[in-house]
Amino acid sequence: MDNQSARDTADSSADRILIVMRHAKSDWGDSSLSDHDRPLNARGQRDAPRMADWLADSGWTPDVVLSSSSLRTRQTLQLMNDRWQTEPTALYSESLYLAAPDTILDCIHSDGIGAKHLMVLAHNPGIAYFASTLANESLDMPTAAVAVFQLHLDQWSDLRVSTPMQMVEFMRPKAL
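Below you will find a few notes about this structure. Quantities reported herein were computed from a predicted structural model and do not represent experimental measurements.

### Considerations on the packing of aromatic side chains
Now for step 1: Summed over all chains, the structure comprises 0 aromatic pairs.
Now for step 2: Above the face of the Trp 28 ring, Arg 38 is positioned so that its terminal group lies 3.6 Å from the ring centre.
Now for step 3: A cation over a ring is seen here: Arg 74 above Tyr 92, with NZ or CZ 4.3 Å from the ring centre.

The following block contains the structure:
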């Protein structure tokens, strides 16, 4: 589906967009830092704004972002926010740090309320497994990869992995 057709289809009142993203590339250079406190490396700092531009150009800018509380996810989101005209509401959660798919779904149920375009920004392996389950196919989610799903829901608390949805976009930085 081309970008305009996907956007036109997504404009109906019960349509929602779920953007599933893995954080940008982190720096492993300082072994004294905990995994939670690792920052982005130069590639991550370059890729996050590129993915933000792609999302904006494709019409998929989120209104709410549910993000892991790790430094690398926070930095990824900040670099993306710098590129968007309107900054989405950001909710940072310890629960999304290295979260399993069930935990990701629980966060969407409890914190996605009111969002038309909801982004979840988290870590592998959970985020890749979650996106793959929604897509009904195995998705490789390298750093800064994004999968965009269109679904028909009245509220995020109704989302189940069995909810009919369509993956309308998949992008990774190397493909831009």
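### Here we look at the packing of helix H4 (residues 101-111) against helix H5 (residues 126-135)
Now for step 1: For the pair H4 and H5, the least separation of the axes is 8 Å and the interaxial angle reads 75°. What the angle tells us is that H4 and H5 run roughly perpendicular. Between H4 and H5, the contacting residues are Pro 101, Ile 104, Leu 105 and Ile 108 on the first element and Gly 126, Ile 127, Tyr 129 and Phe 130 on the second.
Now for step 2: Residue composition of the contact of H4 with H5, grouped by class: 7 nonpolar, 1 polar and no charged.

### Description of H5
Now for step 1: Most of H5 is tucked away, with 8 of its 10 residues classed as buried.
Now for step 2: If you check which residues of H5 are buried, you get Gly 126, Ile 127, Ala 128, Phe 130, Ala 131, Ser 132, Leu 134 and Ala 135.
Now for step 3: Check the buried side of H5 and you find it contacts strand E1 (15-22), H4, strand E4 (117-122), strand E5 (146-152) and strand E6 (165-171).
Now for step 4: Backbone geometry just downstream of H5 places Asn 136 in the positive-phi region, at approximately 60°.

Parameters at a glance
- Residues numbered from 1 in each chain as written.
- Predicted model: local features only at pLDDT ≥ 70, side-chain atom pairs only at ≥ 80, totals over all residues.
- Heavy atoms only, no water.
- Phe/Tyr/Trp six-rings, centres within 6.5 Å; stacked < 30°, edge-to-face > 60°.
- Lys NZ or Arg CZ within 6 Å of the ring centre and 35° of its normal.
- Axes fitted to C-alpha atoms, helices over the stretch in contact; angles between N-to-C directions.
- Helix = DSSP H or I, 4+ residues; strand = E, 2+ residues; numbered from the N terminus.
- Parallel < 35°, antiparallel > 145°, perpendicular 65-115°, else oblique.
- Contact = heavy atoms within 4.5 Å.
- Nonpolar A, V, L, I, M, F, W, Y, C, P; charged D, E, K, R; others polar.
- Buried < 20%, exposed > 50% of the residue type's maximum accessible area, 1.4 Å probe, protein only.

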